[in-house]
Amino acid sequence: QYNLLINMLSRLTSKLSAASLRRTFSSAPIPTALESFHKSLGGKMVEFAGYSLPVLYEKDNGGVMAEHFQTRERAGIFDVSHMGQIKWHGDDCADFIEKCVVGDIKGLEPGTGLLTLITTPEGTIIDDCIVSKAKEGYIYMVVNGACKHKDMAHFKEQMEAYGGKDVCMDYMEETLSLIAIQGPSAAAATQTIMPSGVDLTAVDFMNGFDTTLAGVDGCRLTRCGYTGEDGFELSIPSDKVETVVGALMEHKDVDVCGLGARDSLRLEAGLCLYGNDIDDTTTPIEGVLGWTLGGKGSRRRTEQGCLGMSNFLTEDGKFKKVERKRVGILGMKAPARAHTEIFDADGTTKIGEITSGTFSPCLKKPIAMGYVATPHAKAGTEINVSIRGKMQKAEVTKMPFVETHYYRAP
């Protein structure tokens, strides 16, 4: 069974750049500031979101499966410099951002952040992003690499409609790199590069601050990630990023990991990949992301005011009914790829489609997420998936597939 798992992951890896990880761009992929570093460690480079990034490392203890467990059991470093980093300035920037995203930006305390959704006038999802209110007086936003130029064009259009108020969008371009360190040893390793007097045990999930890292000024730390593990995203001046990564690599539990492991980790954690699991045909309610608006009676759900909100919320802030919902799926004997058709328990009626699927290294069995008609969305519902022309029995399940370890300060 172990050899079968390795073979399946190898086949998945060979398809990553052409499937869920591949994005088509007209020009050559952009190297990140860590390009030479990746290659020196055996990084197998692929194009992703217009950038050249390692899908895995061809070295001892490398490969998707090894890198997956490196992150689950110790700590993995990921180059995520393709992501778009934006700093917002001005007295009206929080008010403006709330017209574009569903989250409670005005309610954020300095040093805290949240995951939120950028929406269209129709109430569908343009992108998901992390927004933080910096203690230093600006708002920090990280958007998906494949969407960042589309996102910024949308913001500029909305700024024109907003009028001549005090809002400034400052895109960091390639001046800042972004790395993620994830896993049970991430905090211990990151603590070694923090300034004296900074105690990471006091930093809660989704909190962050500007800081010095490994003696490099102009950095920012946010306790978040895309694996389900504890960890940090570190924004670092690009000309100094290798210095910081090198310092982290001195910790015995830290090693580099590629996009292949990042994809299997996020799927085990039940996290969406934009373009696969959510897109501009999906509403927050269909995507089961209504929690990003806050609970029943929250300010954003009652006041609304975000673009397209009336298309998925009633006037009193309740979720409108939807015809389909995102669910987790288990029980197939083989991995179900994106666009695999989902049928009812009898196998006669198509009820949905897989959006992401892989073989889970931790569970040692296939997992998937997708959309099914709402009457079939309850956990425990029996379904069928059509894999290579054959029906395989499966079951709707709750996500995440594996336990997550987001940190809460004592």
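Within each chain, residue numbers correspond to sequence positions counted from 1 in written order. Where local features are concerned, this predicted model is filtered to residues with pLDDT of at least 70; where side-chain atom pairs are given and counted, the filter is 80 or more; whole-chain, interface and lining totals use all residues. Derived side-chain values reflect all non-hydrogen atoms in the structure, with water molecules and hydrogen atoms excluded from consideration.

## Considering the sheet that holds strand 19 (residues 382-387)
Just so we agree on the cut-off: Strands qualify as paired when DSSP identifies two bridges or more between them. Under the scheme used here, helices are H or I runs from DSSP no shorter than 4 residues and strands are E runs no shorter than 2 residues, and both carry numbers assigned from the N terminus. Axis definition: a line fit to C-alpha positions, over the contact stretch in the case of helices; interaxial angles, taken between N-to-C directions, run 0 to 180 degrees.
The six strands are arranged 15-18-17-16-19-20 in a closed barrel whose pairing can be described as antiparallel. Looking at each pair of strands side by side, their axes are set apart by 40° on average, direction ignored. With three bridges connecting them, strand 16 (residues 341-343) and strand 17 (residues 350-360) associate as antiparallel partners. Bridge assignment links F343 to a residue of strand 17, and that residue is K350.

## Quick look at the packing of helix 3 (residues 64-73) against helix 8 (residues 259-268)
This is how it is decided: In what follows, roughly perpendicular refers to angles from 65 to 115 degrees, roughly parallel to angles under 35, roughly antiparallel to angles over 145, and oblique to any angle outside these ranges. For a crossing to be left-handed, the near helix must be turned anticlockwise from the far one by less than a right angle; the clockwise case is right-handed. Residues are treated as being in contact if the distance between any of their heavy atoms lies within 4.5 Å. Gly falls in the polar group here, along with every residue not listed as nonpolar (Ala, Val, Leu, Ile, Met, Phe, Trp, Tyr, Cys, Pro) or charged (Asp, Glu, Lys, Arg).
Between helix 3 and helix 8, whose axes approach to 8 Å, the crossing angle comes to 55°. The angle between helix 3 and helix 8 falls in the class oblique. Considering only the axes of helix 3 and helix 8, their crossing is right-handed. Mapping the contact onto sequence places V64, E67, H68, T71 and R72 in helix 3 and G260, A261, S264, L265 and E268 in helix 8. Here the residues of the contact of helix 3 with helix 8 are counted per class, giving three nonpolar, four polar and three charged.

## Section: the sheet that holds strand 1 (residues 30-31)
Across a sheet, strands are paired by hydrogen bonds formed along the backbone, either parallel or antiparallel in direction. The three strands are arranged 1-3-2 in an open sheet whose pairing can be described as mixed. Each of the sheet's edge strands pairs with one partner strand only, and the pair in question is strand 1 and strand 2 (43-48). Examined bridge by bridge, strand 2 and strand 3 (residues 51-57) share six bridges and lie antiparallel to one another. Of the residues in strand 3, the one forming a bridge with F48 is Y51.

## Examining the side chain of S238
To keep it simple, the criterion reads: Exposure is judged per residue with a 1.4 Å probe applied to protein chains only, and the accessible area is read against the type maximum: over 50% gives exposed, under 20% gives buried, and values in between give partly exposed.
Looking at the secondary structure, you find S238 in the loop between strand 13 (231-237) and helix 7 (241-249). Its relative accessible area of 17% is what places S238 among the buried residues. Leaving out residues up to four positions away in the same chain, S238 has contacts with A33, E174, T175, L176 and S177.

## Details of helix 8
With ten of its ten residues buried, helix 8 lies for the most part within the structure. For helix 8, the full list of buried residues reads L259, G260, A261, R262, D263, S264, L265, R266, L267 and E268. One or two steps after helix 8, the chain reaches G270, where phi turns positive at roughly 75°.

## Some thoughts on helix 7
Here is the rule we go by: In this description, the arc belongs to the directions extending from the helix axis to the C-beta atoms.
Here helix 7 has its buried residues at V241, V244, V245, A247 and L248. In an axial view of helix 7, the angular spread of the buried residues amounts to 160°, which keeps them on one side of the axis.

## As for the pattern of salt bridges
Stated formally: By definition here, a salt bridge exists when the distance from a side-chain nitrogen of Lys or Arg to a carboxyl oxygen of Asp or Glu is within 4 Å.
Evaluation of the coordinates by the stated rule reveals 19 salt bridges. Residue E73 pairs with R74 through a salt bridge whose shortest N-O separation is 3.4 Å. The residue D263 makes a salt bridge to R266 at a minimum N-O spacing of 3.1 Å. Remark: R266 and D263 occur in helix 8; sequence separation between them is three residues, near one turn of the helix. Take D263 and R266: they sit in the same class, and that class is buried.

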